[in-house]
Every structure is written in C-alpha cells, then in structure tokens.
Amino acid sequence: MQGILSAAAYVPYRRLDRASVAEVFGSGGGRGSRAVAGYDEDTTSMGVEAARLALRSAPWIEPRALWFSTTAPAYLDKTNATTLHAALRLDTDVVAADFAGAIRSGVTALGTALHAPGPTLVVTADRRDGLPTSADESAGGDGAAAILVGADGDGPLLATLLGEGHATEEFIDRWREPGERRSKVWEERFGETKYVPLGEQAWNAALKAAELTPEQIDRLIVTGSHARAVRSLTPRLGVDKSRLVDDRSATVGYAGSAMPALLLTSALEAAAPGETIALVSLADGADVLILRTTDQVTRWNPARRVDAQVAAGEPLPYGKFLAWRGMVTLEPPRRPEPDRISASVTGRTEHWKYGFVGSKDRSSDALHLPPARVSRVGDAVDEMDPAPMADIVGTIAAFTIDRIAYSPSPPIVFAIVDFDGGGRLPVELTDVNADELAVGDRVEMTFRRLFTADGIANYFWKARPLRGGS
C-alpha cells in the first residue's frame, strides 16, 4: 500500500499587497496579497526549506530518491536536484533527478512517486512572474512543498492512495519560450472548452478506481494554471462547496508546479482520520489523486503549518518587488560585484557550504564553525566528528548594519550567532527588519542564494529571526 509519509510547505516571508500595483500604475493588481520569494531565494533554496520541514517531521525515514519539480530552474543542463541533495545531506547512493519545465511536472512527479519503490522525496517549488499590471503578476505566487512518499513498510502513512485518473490532450493554452520570463496565454474561453471535459474525464476515472461517489469526498482541492477553467469545473464535480479546500489565491497566489502539493499539505494538516481527500489539477490536461487519511494523521506533528506561515508574512513595497524581480534596475552599491565561485573549492567544502556541517573535537567536544582539522582546545589534529548545524537555533550576540557593501537588496545585516550547545559564527541575516533587531533575539538557519555570477548561483546559509510560522 502506497501513500504519504510526511508533507510540508514553504511560504516565503514577504507579501505583495495587490492593491499597491494599481496605486503605482493606475491599473492591474486586485484584492488580497501574494507570497514573494526574497531577493536571496530561488526555486532551489525554497525547495530545500520545504524538504527540511518534511524530513523534520519524519526523522526516522531516509529517502532513497529525490525528485525536484519546477518551471523556473536555477540551471539548465546541470541537475538542480543535486543542490537539494547536498543541502539535505543525503547519501551519495540516493538518486536526485529534475522534473522541470512544465507546470504539470509537479503533480506528475507526485503521482509517479506513489508507484515508485522505496521512500521518495518529491520537492516542488516555483517563482511565478508576469509583466507589471498583468494578471500573472498579481495572481501568481511563490512557494514550495515537499511530499515524502512510500509504502506502509517504510513507516506509518498519513494517507493512502485510493485511486487516480488522468487525461491528456495537446492544445495551446499557456506557453513560455526558453529564456523568456513572461508566459503567454491563449484566449480564455478556448482553454475552458478544453480543460473542463478533460477534468471531468479524469475525475470520473479516479472515482471509479477508488470505488467512491462524489458525496464521499470530504475535502476537495481544485487548482490549475487556467483560473476560469478551475471555476467552471469545480461545481461540476458533484462535491458540496463546503468541502472545498481554500486554494490560497487570496493570500499566497498560484504557485505553479508547487501548488498541488502545497494545497495537499494544507488539507492534510487540517484532516481527521478516515477522511477522503481529492486533488484535482488542471495543467496541459487533468490529473486527479484520491487519498484517505489514516489514524497516523492525528499523531503527526507538522514542523511548520501552512496557516502559521501565511499569517506570519510581512508586506513588501511594490517598488522593491519590481527590483527583486529585475523588472526595474536600481542604482547598485558603488562597489564591485562579486566574482563567480570556484567549482574546485566548492567541491572540497561541500559538507560545510551546502550541508552546514561543522566539526567537533572528540576529546574536548569543542565545536568548530567552519570545520577545522586542528582543535582550538588541546590542538588535537584530525580527531574530529561531523557536527550538523542546519537545524540548531542560536542567539544573536552582536550585530551590525552595513549600507556600503555590495548587496542586491541593501543594507546587509550581519550578526554574531551563539548556537545552542556551543559554536559561534558571524552570519548574514535575512527576512529581517533591521530597526526591530536586538541582541538576544533567537534565530534559525535558512538555505539561501548569496548571489549569482557568470551564471553560477552561490548558495550558503543565512540566519533569520525565529518566528512561530516563518
């Protein structure tokens, strides 16, 4: 029996108030807000954060495969999933592969994993862009989700797969040429005439496979890249509207390939044992998954709930949003931009750079950040054990605000952090309001992109304020 072992979503800290778009341009925008990835976040870093949360809720399970889905990969040619693999400190025999390019790749990766051997970690992440004042800009959203899938022999299942249905047809609805940031969309009525019959076909096939009727569905998720088709299909499915799961359009926005898994995570967090959850996704066809929760769902302790993350968001000015997205170019700091990182040095320091693993002296327990060969206590040489620090929280001992050093979004805030259990390190802070920072504040580590030079993304760890939902 296949199903879900753990799940988590990651919603970035910043929010764009859609009304601010019309305040600037006189048109566009709308009601509510959308989640915005930070200037130092991309789909890879958001995927790492979602995966860390999913694995934190099931620490006894070791994935045997990692699949990463996104429509906005940091790299082409190079596998993006290997960066997640390194940050999560997975064994070298764990395969890492990309499902990239299409919005449908997220739900396809999840559905395929539900038939794969061994625990599989499916990570989906997206950053949705659009031209200023466009519907894509306001309705889109950024986020990530991670679903750990396996069999009942791999660990206690939160939900089991009851049935599925799929429908595919080639038609031109939404497309984006390689290298382009803006998606193009065909006339809405055309997409609706294609999606609705495909959705009904997949829905009926899934109900038949699960041996259920629409009245037996407790929670219904309907999402897709074509909002008009989603609205048209939903009442045709025969499920009472009171059972419809919030699509987060008013608070997060449509997060592309990550949306099905993000909404499924949200539904699982609210579900009781024995409930049936139906996930319907419209993108280049239709995909339907029907699951039933188990008694384990009441014992499951999500590392960070979606509701808490949504509530913890802070507003972002529209001008800064445009700058972060590269839609407008601001005068940079009058300092040279950083050079590209060295592939050879990165390879030698992989466990520190990606996994944030220090070293601990076996004889004195002295902790070294970054890792060292010679102990600072007793001078022992090569008598060290690995010390993973990514999940260790700390306290700010001192901090400084630098308005001169190069940064895509100045100022830079640096802090000296004392980690619980030992270890001190100067680190950059992110998702922080410098005016509200104080010595003694608690922080946690987060995986971020420091900068990109010559097309190479320089990833490392930053610290951010420890909040209940962030």
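For the structure, see preceding data.
These numbers were taken from a predicted model, which means no experiment stands behind them.

*Asks:* So what's going on with the packing of aromatic side chains? Which residues, and what values?
*Replies:* The description of two aromatic rings rests on the distance between their centres and on the angle between their planes. What the rule picks out here adds up to 15 aromatic pairs. Grouping aromatic residues by their ring pairs yields a cluster made of Trp352, Tyr354, Phe356, Phe419, Phe447, Tyr459, Phe460 and Trp461. Directly above the ring of Tyr354 sits Lys353, whose terminal nitrogen or CZ lies 5.8 Å from the centroid.

*Asks:* Help me get a handle on the pattern of salt bridges, residues and values and all.
*Replies:* Counting across every chain of the model gives 33 salt bridges. Close ionic contact of Asp287 with Arg104 constitutes a salt bridge, the shortest N to O distance being 2.7 Å. With Asp287 in strand β13 (residues 286–293) and Arg104 in the loop between β5 (95–100) and α4 (105–113), this residue pair connects regions lying 183 residues apart in the sequence. Residues Asp287 and Arg104 agree in their burial class; the two are buried. With a shortest N-O distance of 3.4 Å, Arg362 and Glu383 are connected by a salt bridge. Residue Arg362 is located in the loop between β15 (357–361) and β16 (367–368), and its partner Glu383 is located in the loop between β16 and β17 (384–388); the two are separated by 21 residues in the primary sequence.

*Asks:* Explain the sheet that holds β15 to me, and be specific about the residues and the numbers.
*Replies:* The strand order across the open sheet formed by 3 strands is β16-β15-β17, and the pairing between neighbours is antiparallel. Looking at which strands have only one partner, the edges of the open sheet turn out to be β16 and β17.

*Asks:* Account for the sheet that holds strand β18 (residues 394–402), with residues named and values stated.
*Replies:* Strand order across the open sheet formed by 5 strands is β20-β19-β18-β21-β22, with antiparallel pairing between neighbours. With one partner strand each, in any of the chains shown, β20 (424–428) and β22 (456–465) form the two edges of the open sheet. Across the sheet, the axes of successive neighbouring strands diverge by a mean angle of 25 degrees, strand direction being ignored. Note: strand β19 (residues 412–419) against β20, 5 bridges, orientation antiparallel. Paired with Ile416 across the bridge in β20 is Pro426. Packing of helix α2 (residues 43–56) onto the sheet brings it into contact with β21 (442–453) and β22, and relative to β21 it is tilted by some 155 degrees.

Here is what the cut-offs are and how they apply
- In every chain, residue numbers begin from 1 and rise along the written sequence.
- Reporting in this predicted model follows two pLDDT cut-offs: at least 70 for local features of residues, and 80 or more for side-chain atom pairs to be given and counted; totals over whole chains, interfaces and linings ignore these cut-offs and use all residues.
- As a rule here, side-chain values cover all heavy atoms of the structure and leave hydrogens and water aside.
- Here a pair means two rings of Phe, Tyr or Trp (six-membered ring of Trp) with centres within 6.5 Å. Their orientation is stacked below 30 degrees between planes, edge-to-face above 60, and tilted elsewhere.
- Placement of a charge over a ring requires the Lys NZ or Arg CZ to be within 6 Å of the ring centre, with the centre-to-atom vector within 35 degrees of the ring normal.
- Salt-bridge detection follows one rule: a side-chain nitrogen of Lys or Arg within 4 Å of a carboxyl oxygen of Asp or Glu.
- Going along the chain from the N terminus, every DSSP run of H or I of four or more residues is numbered as a helix, and every run of E of two or more is numbered as a strand.
- Only protein chains enter the calculation, and the probe is 1.4 Å; a residue is then buried if its accessible area is under 20% of its type maximum, exposed if over 50%, and partly exposed in between.
- A pair of strands is considered paired only if DSSP assigns at least 2 bridges between the two.
- Axis lines are fitted through C-alpha atoms, for helices just across the contact stretch, and the angle between N-to-C directions can take any value from 0 to 180 degrees.
- By definition, residues are in contact when any of their heavy atoms lie within 4.5 Å.

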